[in-house]
Amino acid sequence: MTARTSLTDAWPLFGLRLRTERLVLRLPTEEELTPLLAIARKGIHPPDEMPFGVAWSTLPSPEFERGFMQHHWSKRGSWRPDDWFLNLTAEFEGTPIGSQSIDARDFAIHRTVSTGSWLGREFQRRGFGKEMRAAVLGFAFDGLAARAAETSALLDNAASNAVSRGLGYEENGLGSLAPHGVARTTQNFRMTAEIWRSRPRPPLTIEGLDACREMFGA
């Protein structure tokens with residue numbers, strides 16, 4: 001009799017869990033993408049604002065729904081140890097509240113990651129954004145032995161910039177994004193492993209990393 005192959009056997013990233021004081025971050029299954037989509041569809045920011053470098057959050061239906069699903073599918077389908085992008089669902093009390101990503105190219109060489117995130121509006125201003133970011137930074141530095149983490153946000157994205165500064169990132173110059181075809185200035189940030197380990201950090205439990213470590217080029 002042939003042994004059955006589980007989802008985590010076929011794609012070990014589904015077994016990865018980052019557990020913080022209040023949250024669980026994990027890769028959503030196919031069935032779990034639609035509840036996450038529903039949170040995003042309810043709203044992430046006021047309609048007259050655009051905090052993202054790509055204006056995906058204001059697309060009309062059905063472009064929004066199809067683009068959302070294609071983004072998640074494409075990042076899984078194109079995964080390579082030297083070019084990966086991990087989109088994690090953040091769950092609070094079993095309910096999806098947003099998404100936290102971490103990605104890298106040539107990680108084995110540069111040991112540098114980048115991050116991005118969004119939160120449903122009803123879950124904002126409760127410290128979840130900082131908790132989510134701290135979780136993937138702990139994963140990068142303590143789990144994957146990263147040397148640096150980079151991020152950026154538009155200058156008027158006060159919430160994201162406050163999270164970066166609050167976690168101890170250093171400012172790393174200015175950049176530019178054009179979500180609506182008009183250039184807007186971004187603040188770039190960089191965190192090193194030395195900075196990360198120089199400050200007290202909230203507890204983080206990483207589960208399932210050994211089964212998928214080689215997928216990160218670590």
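In this report, the structure presented in the accompanying data block is examined. This is a predicted model, so every value here is computed, not measured. (Residues numbered from 1 in each chain as written. Predicted model: local features only at pLDDT ≥ 70, side-chain atom pairs only at ≥ 80, totals over all residues. Heavy atoms only, no water.)

**Remarks on the side chain of Thr-29**
As a reminder, the rule being used: In DSSP terms, a helix is any run of H or I states spanning at least four residues, a strand is any run of E spanning at least two, and both are numbered starting from the N terminus. The contact rule is simple, with two residues in contact once any of their heavy atoms fall within 4.5 Å.
Secondary-structure assignment places Thr-29 in the loop between strand S2 (23–26) and helix H2 (30–42). Every residue in contact with Thr-29, bar those within four places of it in the chain, is listed here: Leu-7, Phe-14 and Arg-76.

**Examining the sheet that holds strand S6 (residues 148–154)**
Which entries qualify depends on this criterion: Pairing between strands requires that DSSP locate at least two bridges from one strand to the other. Fitting a line to C-alpha atoms yields each axis, with helices limited to the stretch in contact; the angle taken between N-to-C directions then spans 0 to 180 degrees.
On the basis of which strands lie adjacent, the open sheet formed by nine strands has the order S7-S8-S6-S5-S4-S3-S2-S1-S9 and mixed pairing. Sheet topology places strand S7 (170–177) and strand S9 (205–207) at the edges, where each strand pairs with a single neighbour. Averaged over all pairs of adjacent strands, the angle between their axes in this sheet comes to 25°, without regard to strand direction. Across the face of the sheet, helix H6 (residues 158–167) comes into contact with S6, S7 and strand S8 (184–192) while running at roughly 20° to S8.

**Here's the deal with the nonpolar core**
As a reminder, the rule being used: Residues enter a nonpolar core if they are buried and are Ala, Val, Leu, Ile, Met, Phe, Trp, Tyr or Cys, with the set joined through side-chain atoms within 4.5 Å. Only protein chains enter the accessibility calculation, which uses a 1.4 Å probe; a residue is then buried when its area is under 20% of its type maximum, exposed when over 50%, and partly exposed in between.
Of all hydrophobic cores here, the largest spans 57 residues; its most connected members are Trp-84, Met-191 and Phe-216. Excluding residues that lie within four positions of it along the chain, Phe-216 makes contacts with Leu-13, Leu-16, Trp-79, Pro-81, Trp-84, Leu-86, Phe-107, Phe-139, Leu-144 and Leu-209.

**Concerning empty space enclosed by the protein**
We apply this condition: Buriedness for pockets is judged along seven lines, at least five of which must meet protein on both sides within 12 Å for an open set on the 1 Å grid over protein atoms alone, while cavities are sets there where a 1.4 Å probe fits but cannot get out, and lining residues have an atom within 4 Å of a point. Grid points are joined across faces, edges and corners, and a volume is the space filled by probe spheres set on the points. Under the scheme applied, nonpolar residues are Ala, Val, Leu, Ile, Met, Phe, Trp, Tyr, Cys and Pro; charged residues are Asp, Glu, Lys and Arg; polar residues are all the others, including Gly.
Taken as a whole, this structure holds one cavity of 30 Å³ or more when the rule is applied. Here the largest cavity defines a volume of roughly 50 Å³. Lining the largest cavity are Trp-11, Leu-13, Leu-27, His-72, Lys-75, Arg-76, Trp-79, Phe-85, Leu-86 and Asn-87. Per-class residue counts for the lining of the largest cavity are six nonpolar, two polar and two charged.

**Observations concerning the packing of aromatic side chains**
The geometry of two aromatic rings is summed up by the distance between their centres and the angle between their planes. Here is the rule: Here a Phe, Tyr or Trp ring, Trp counted by its six-membered ring, pairs with any other such ring whose centre lies within 6.5 Å, and the pair is stacked when the planes are under 30 degrees apart, edge-to-face when over 60, and tilted otherwise. For a ring to carry a charge above it, either NZ of a lysine or CZ of an arginine must fall within 6 Å of the ring centroid while also lying within 35 degrees of the normal to the ring plane.
Applying the stated criterion across every chain yields a total of 13 aromatic pairs. Where Trp-56 meets Phe-64, the ring centres are 6.0 Å apart and the plane angle is 25°; that geometry is what we call stacked. In this structure an aromatic cluster arises from ring pairing among Phe-52, Trp-56, Phe-64, Phe-68 and Trp-118. Here the basic side chain of Lys-75 rests over the ring of Phe-85, its NZ or CZ set 4.6 Å away from the ring centre.

**Focus on the layout of surface pockets**
Estimated volume of the second largest pocket: approximately 170 Å³. As for the second largest pocket, its lining consists of Lys-75, Ser-78, Asp-83, Trp-84, Phe-85, Asp-103, Ala-104 and Arg-105. Elements with a minimum of two residues in the lining of the second largest pocket: strand S3 (83–92) and strand S4 (95–105). Here the residues of the lining of the second largest pocket sort into three nonpolar, one polar and four charged.

**Let's talk about the packing of helix H5 (residues 128–143) against H6**
Short version of the rule: When an angle is under 35 degrees it counts as roughly parallel; over 145 it counts as roughly antiparallel; between 65 and 115 it counts as roughly perpendicular; any other value is oblique. The crossing is said to be left-handed when, going from far helix to near helix, the turn is anticlockwise and less than a right angle, and right-handed when the turn is clockwise.
Remark: H5 packs on H6, axes separated minimally by 10 Å, with the N-to-C direction vectors making an angle of 50°. Put simply, H5 runs oblique to H6. Between H5 and H6 lies a crossing whose hand is right-handed. Here H5 contributes Gly-129, Lys-130, Arg-133, Ala-134 and Leu-137 to the contact with H6, which in turn contributes Ser-160, Val-163, Ser-164, Gly-166 and Leu-167.

**Some points on the environment of Trp-11**
In this fold, Trp-11 is placed in the loop between helix H1 (7–10) and strand S1 (17–19). The class for Trp-11 is partly exposed, based on a relative accessible area of 26%. For the pair Trp-11 and Arg-76, spaced 65 residues apart in the sequence, the C-alpha separation amounts to 9.8 Å. If we skip the residues at most four places from it in the chain, Trp-11 touches Leu-27, Arg-76, Trp-79 and Met-215.

**Digging into the pattern of salt bridges**
The criterion, for reference: We define a salt bridge as a side-chain nitrogen of Lys or Arg found within 4 Å of a carboxyl oxygen belonging to Asp or Glu.
According to the stated counting rule, one finds 14 salt bridges in the structure shown. Ionic pairing is found between Glu-131 and Arg-22, a salt bridge with its closest N-O pair at 2.8 Å. Highlighted residues: Glu-131 in helix H5 and Arg-22 in the loop between S1 and S2, separated in sequence by 109 residues. Among the salt bridges present, the one from Arg-26 reaches Glu-32, with a minimum N-O distance of 2.7 Å. Residue class for Arg-26 comes out buried when judged on its relative accessible area of 12%. A relative accessible area of 28% means that Glu-32 is categorised as partly exposed. Ionic contacts of the salt-bridge type, sharing partners, join the residues Arg-26, Glu-32 and Glu-91 into one network.

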